[in-house]
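Now for the letters of each chain:
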Amino acid sequence: MTSTAPATAAPAAPEKDPWPALFALCLGFFMILVDSTIVSVATPALIEDLQADVNAVVWVTSAYLLAYAVPVLITGRLGDRFGPRRMYLAGLAVFTLASLWCGLTGSIEGLVAARVVQGLGAAMITPQTMAIITRIFPAERRGKAMALWGATAGVATLVGPILGGVLVDALGWEWIFFINVPVGIVGFVLALRLVPVLQTNNHRFDWLGVALSGAGMFLLVFGVQEGHQLEWSALVWTMIVGGIVVLALFIGWQARNKAEPLVPLALFRDRNFSLANVAITAMGFAITAMAIPLMLWAQVVRGLSPTRAALLLVPMAVMTIVLARPVGGLTDRVHPRVLTGFGFTAIIVSLVWLALALQPDGSVLWLVPPMVLLGIGNAFVWAPNSATATRNLPLHQAGAGSGIYNATRQVGAVLGSAAIAVLIDARLAAEGLPSYGGGEAGASGGGSELPAAVAQSFSDAMGASLLLPPAVLVLGLVAALCFERPRHAGFGGAAAPVPAAAAD
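The structure reproduced in this document is the subject of the present report. Predicted model only: the values in this text are computed from it and were never measured.

1. With respect to the overall build of the protein chain
Right, on to step 1. If you tally the helices and strands in the protein chain, you get 21 helices and 0 strands.
Right, on to step 2. Here the protein chain holds 504 residues, and the buried ones make up 61% of them.
Right, on to step 3. As displayed, the protein chain has an accessible area near 18,100 Å², and 69% of this comes from carbon and sulfur atoms.

Have a look at this one:
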């Protein structure tokens with residue numbers, strides 16, 4: 001049941017400039033998304049220092065993403081109930097303290113546990129950022145606001161490995177987590193001062209839905225990621241099939257729950273919302289999956305330090321940043337299928353090109369053109385897709401809609417992390433190589449010590465693994481090409497009044 005005060009109860013909200021609040025929110029959002037990919041460049045260092053194998057270290061990312069993805073559905077509703085500002089601040093505090101724990105831990109098991117808590121904090125933060133944007137910006141200005149939000153997401157996932165490489169080389173892997181502490185404190189103070197207090201709505205909480213979605217995701221992801229290690233035993237297949245069955249039960253329960261389901265399936269009647277969720281799931285999968293084989297190849301085969309390996313991503317990040325503003329302007333005027341369709345096509349071509357370029361010899365400068373194209377594609381996907389997802393939604397469903405959108409993105413990221421770990425192991429085995437471990441190349445790579453045949457085989461394995469993300473992105477491209485024109489009056493440049501409900 002939902003009870004809301006009339007929109008006129010908060011008349012001052014439309015008069016406030018919403019941009020300072022957005023900048024404060026983007027700082028926290030940037031930080032938690034950086035942590036989705038920052039571990040990839042530290043993989044060799046973690047393997048050596050914590051005496052773990054590559055699959056265990058991938059769990060450092062997967063545990064974070066899983067803990068991020070599962071509760072994000074209900075944390076969006078909690079924001080509606082208790083206030084998005086309050087939930088954002090609480091999540092930022094949890095995330096910052098968990099980051100300190102991550103840096104202080106001395107075992108792979110302890111690091112995975114700390115990352116779970118860190119993911120819970122991230123799940124409290126993310127839906128609040130998108131919900132607040134939806135509520136404080138009128139529809140005809142929301143495209144530019146979502147452009148900044150989407151660009152923050154795109155840049156953060158690309159900057160993570162770059163920042164990680166610098167910190168690992170200069171200070172050690174612990175500092176990829178310690179850096180969050182001062183940033184988190186600054187972000188907390190800014191949000192406390194700049195983010196407005198918004199009206200709250202009473203919600204019933206679908207605890208059965210929470211349990212079913214969490215159990216289903218855990219069974220599916222754990223089964224996929226551990227399948228190769230457990231030789232695809234009956235237990236593994238039982239977990240995978242069980243996860244799919246539980247998720248199907250979750251969807252069935254959401255359809256039957258007439259009170260207030262965790263996922264209001266009525267939102268999916270909006271064509272753009274449904275398609276944008278498919279597209280962002282594919283995007284989350286691809287961006288998370290592509291960094292791991294690339295960083296392993298750069299450090300193990302080419303012998304690059306973490307910093308130099310991460311610098312391979314600079315052209316991609318620069319192009320995404322440079323294009324963020326112009327693409328944001330186009331988002332409010334150009335049909336979304338044109339922008340996102342171009343973006344997905346560019347990313348697919350760039351990743352296939354990159355996979356073919358992973359060779360043990362030749363200049364790494366050959367990686368620059370596909371990286372530039374990848375950055376261009378990112379800029380044309382993140383912001384337009386985010387704006388398209390939320391533009392037609394009713395304001396009282398802002399929390400639910402943003403929770404679903406961010407959950408699907410994180411589900412894609414979790415599956416991408418799990419699937420790429422399986423594929424890397426499988427391709428290494430197919431090339432006659434053991435699973436990558438700390439004794440094989442060391443934290444700084446060691447590619448110069450590899451025999452030529454081994455270097456070629458390792459390169460072939462990483463290149464083949466890198467073909468998985470573009471294959472999945474084809475689904476995102478198909479979804480993007482089916483977008484319809486947004487329905488609000490301000491789209492395409494037509495004047496539209498600021499709706500009073502924007503302040504609800």
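2. A look at helix H21 (residues 468-480)
Right, on to step 1. Taking 1.5 Å per residue, 13 residues should reach 18 Å; H21 reaches 19 Å between its end C-alpha atoms and fits that length.
Right, on to step 2. Turning to H21, its buried residues number three or more, namely Pro469, Pro470, Val472, Leu473, Gly476, Leu477, Ala479 and Ala480.
Right, on to step 3. Those residues of H21 that are buried are in contact with helix H12 (271-301), helix H15 (336-357) and helix H20 (452-465).

3. Here we look at the environment of Ile132
Right, on to step 1. Position of Ile132 relative to the elements: it lies in helix H6 (residues 108-136).
Right, on to step 2. Between the alpha carbons of Ile132 and Leu198 there is a distance of 8.3 Å; along the sequence they are 66 residues apart.
Right, on to step 3. The residues touching Ile132, leaving out its near neighbours within four places in the chain, are Leu25, Pro84, Arg85, Val195 and Leu198.

4. Structural notes on the side chain of Asn385
Right, on to step 1. Tracing the sequence through the fold places Asn385 in helix H17 (residues 382-390).
Right, on to step 2. Judged by its relative accessible area of 0%, Asn385 is buried.
Right, on to step 3. For Asn385, the contacting residues outside a window of four places in its chain are Ala276, Ala279, Ile280, Thr340, Tyr405 and Phe483.

5. Brief notes about the pattern of salt bridges
Right, on to step 1. As enumerated under the stated definition, the model contains 2 salt bridges in all.
Right, on to step 2. Taking the shortest distance from any N to any O, the salt bridge between Arg115 and Asp35 comes out at 3.4 Å. Of this pair, Arg115 sits in helix H6 while Asp35 is found in helix H1 (residues 19-37), placing the two residues 80 residues apart along the sequence. The two residues Arg115 and Asp35 agree in class, both being buried.

6. As for the packing of H12 against H21
Right, on to step 1. At a closest axis distance of 8 Å, the pairing of H12 and H21 adopts a crossing angle of 165°. Between H12 and H21, the interaxial angle falls into the category roughly antiparallel. Pair H12 / H21 crosses with left-handed handedness. Contact residues: H12 offers Leu275, Val278, Ala279, Ala282, Met283, Phe285, Ala286, Ala289 and Met290, while H21 offers Leu468, Pro469, Val472, Leu473, Leu475, Gly476 and Ala479.
Right, on to step 2. The residue inventory of the contact of H12 with H21, partitioned by class, reads 15 nonpolar, 1 polar and no charged.

Quick notes on the rules
Residues numbered from 1 in each chain as written. Predicted model: local features only at pLDDT ≥ 70, side-chain atom pairs only at ≥ 80, totals over all residues. Heavy atoms only, no water. Helix = DSSP H or I, 4+ residues; strand = E, 2+ residues; numbered from the N terminus. Buried < 20%, exposed > 50% of the residue type's maximum accessible area, 1.4 Å probe, protein only. Areas by Shrake-Rupley, 256 points an atom, 1.4 Å probe, with all protein chains shown as cover. Expected span 1.5 Å × (residues − 1). Contact = heavy atoms within 4.5 Å. Salt bridge = Lys/Arg side-chain N within 4 Å of Asp/Glu carboxyl O. Axes fitted to C-alpha atoms, helices over the stretch in contact; angles between N-to-C directions. Parallel < 35°, antiparallel > 145°, perpendicular 65-115°, else oblique. Left-handed = near helix turned anticlockwise from the far one by under 90°. Nonpolar A, V, L, I, M, F, W, Y, C, P; charged D, E, K, R; others polar.

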